Amino acid sequence: MKGYISQKIASIEQEIPQNVTLIGITKQVDTAAMREAYLAGIRNFGENRLQEALAKQQELEDLTDVSWHFIGHIQKNKVKKVLENFDWIHSVDSLALAKRMNRLARELDLVPKVFLQAKILPDPNKYGWEAEDLWQELEQINEYDSLNIQGLMTILPWGLSSKEASTAFQEVAELSAKIKSAGYSRLKMPELSMGMSGDYKLAIQAGASQIRLGRTIFGERNSK
Ligand SMILES: *Cc1c(COP(=O)(O)O)cnc(C)c1O
């Protein structure tokens with residue numbers, strides 16, 4: 001009999017469009033569960049803590065066709081390690097971080113795929129650019145030629161109604177389209193990273209191309 005994780009993945013894969021990438025968010029999930037997810041077809045894992053992620057990457061070294069996504073806030077002194085160990089970085093959340101990442105990426109001869117984290121609704125607990133600020137800093141961001149900017153990423157505040165969440169996702173999608181049509185050479189915005197366990201269907205309706213699912217696949221995490 002297939003395990004719970006495999007069944008969940010199969011049912012989610014059935015309900016989402018083929019062009020939407022399902023990232024298994026595996027913070028606090030052990031590598032045995034990650035192997036089960038891999039066997040069920042998951043090839044994208046997302047982590048938010050560097051040390052935890054590096055240990056698991058080592059344990060899963062034999063899974064050579066996995067893409068690793070970093071989704072957590074990045075402290076200054078961790079940028080280099082994140083660059084060296086992740087294929088996608090979803091959490092570029094300030095101009096200072098983008099600048100530093102660009103410089104270190106050039107030094108390391110890397111061109112990481114990154115998302116700019118947008119904060120469309122006020123939320124003191126979250127990082128990211130508010131729309132106005134992002135808009136003002138685009139010209140500068142467009143100069144960072146060692147970053148392969150893929151699009152916007154967002155995390156919604158807790159406790160929104162479906163209608164509010166839906167509206168917020170649409171606003172992020174509109175902001176992304178507006179940035180794209182502004183014509184900056186390096187801001188083509190082909191991807192859109194939004195949607196978690198509680199709201200991914202709404203995110204897909206609004207145009208998400210990458211969804212980040214933890215609890216609905218792997219079960220509840222221990223709250224700390
Ligand atoms: C934890 C986390 C997720 C997954 O959240 P779930 O509710 O477990 O699906 C997605 N994105 C980010 C940035 C996260 O930190």
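Details of the structure are given in the entry above.
Note that the coordinates shown come from a computational prediction; the quantities given were computed from them, not determined experimentally.

A.B. asks: Tell me about the overall build of the chain, and name the residues and values.
C.D. replies: When its secondary structure is counted, the chain shows nine helices and eight strands. A globule of 224 residues ought to have a C-alpha radius of gyration of about 17 Å, and the chain, at 17 Å, matches this closely. Along the three orthogonal principal directions, the C-alpha set of the chain runs to about 55 × 45 × 35 Å. Relative to its full complement of 224 residues, the chain shows a buried share of 50%. Of all intrachain contacts in the chain linking residues separated by at least 6 positions in sequence, the fraction that spans at least 24 positions is 62%.

A.B. asks: Can you break down the site of the ligand residue by residue, with the values?
C.D. replies: Taken together, Ile25, Lys27, Ile71, Met153, Ile155, Met196, Ser197, Arg212, Leu213, Gly214, Arg215 and Arg221 make up the full set of residues near the ligand. Taking Ser197, its side chain carries an N or O atom lying 2.5 Å from an oxygen atom of the ligand. Burial of the ligand by the surrounding chains reaches 94%, relative to a free accessible area of 390 Å². Grouping the constituent residues of the shell around the ligand by class yields six nonpolar, two polar and four charged.

A.B. asks: Give a detailed account of the nonpolar core, specifying residues and quantitative values.
C.D. replies: With 67 residues, the main nonpolar core has Met101, Leu134, Leu152 and Ile211 as its most contacted residues. For Ile211, the residues in contact, after removing those within four places along its chain, are Ile16, Val20, Thr21, Leu22, Ile23, Met194, Gly195, Tyr200 and Ile204.

A.B. asks: Describe the pairing of strand β4 (residues 88–92), with residues and values.
C.D. replies: Buried residues dominate β4, accounting for five of its five residues. As paired strands, strand β3 (residues 67–70) and β4 are joined by two bridges and run parallel to one another. Within the sheet, the bridge partner assigned to His69 lies in β4 and is Trp88. Crossover handedness for the path β3 to helix α4 (residues 79–85) to β4: right-handed. Of the pairings in the sheet, the one linking β4 to strand β5 (residues 113–117) comprises three bridges and is parallel in character. When the bridges of β5 are listed, Trp88 appears paired with Lys113. Handedness of the crossover is the feature at issue here: the chain leaves β4, passes through helix α5 (residues 95–108), returns alongside β5, and the resulting connection is right-handed.

A.B. asks: So what's going on with the side chain of Lys126? Residues and values would help.
C.D. replies: Looking at the element boundaries, Lys126 is found in the loop between β5 and α6 (131–141). Excluding residues within four positions of it along the chain, Lys126 makes contact with Lys119, Ile155, Leu156, Pro157 and Trp158.

A.B. asks: Run through the packing of α6 against helix α7 (residues 162–181), naming residues and quoting values.
C.D. replies: At a closest axis distance of 12 Å, the pairing of α6 and α7 adopts a crossing angle of 15°. Relative to α7, α6 is oriented roughly parallel. Here α6 runs over α7; the crossing is right-handed. Of the residues in α7, those touching α6 at Ala131, Leu134, Trp135 and Leu138 are Leu175, Lys178 and Ile179. In the contact of α6 with α7, the residues fall into six nonpolar, no polar and one charged.

Reading the values: rules and limits
Residues numbered from 1 in each chain as written. Predicted model: local features only at pLDDT ≥ 70, side-chain atom pairs only at ≥ 80, totals over all residues. Heavy atoms only, no water. Helix = DSSP H or I, 4+ residues; strand = E, 2+ residues; numbered from the N terminus. Rg over C-alpha atoms; globule rule 2.2 N^0.38 Å. Buried < 20%, exposed > 50% of the residue type's maximum accessible area, 1.4 Å probe, protein only. Contact = heavy atoms within 4.5 Å. Near = heavy atom within 4 Å. Polar contact = N/O pair within 3.5 Å; in protein donor to acceptor, adjacent residues only side chain to side chain. Areas by Shrake-Rupley, 256 points an atom, 1.4 Å probe, with all protein chains shown as cover. Nonpolar A, V, L, I, M, F, W, Y, C, P; charged D, E, K, R; others polar. Core = buried A, V, L, I, M, F, W, Y, C linked by side-chain atoms within 4.5 Å. Pairing = 2+ DSSP bridges. Right-handed = clockwise from strand over helix to strand, strands pointing away. Axes fitted to C-alpha atoms, helices over the stretch in contact; angles between N-to-C directions. Parallel < 35°, antiparallel > 145°, perpendicular 65-115°, else oblique. Left-handed = near helix turned anticlockwise from the far one by under 90°.

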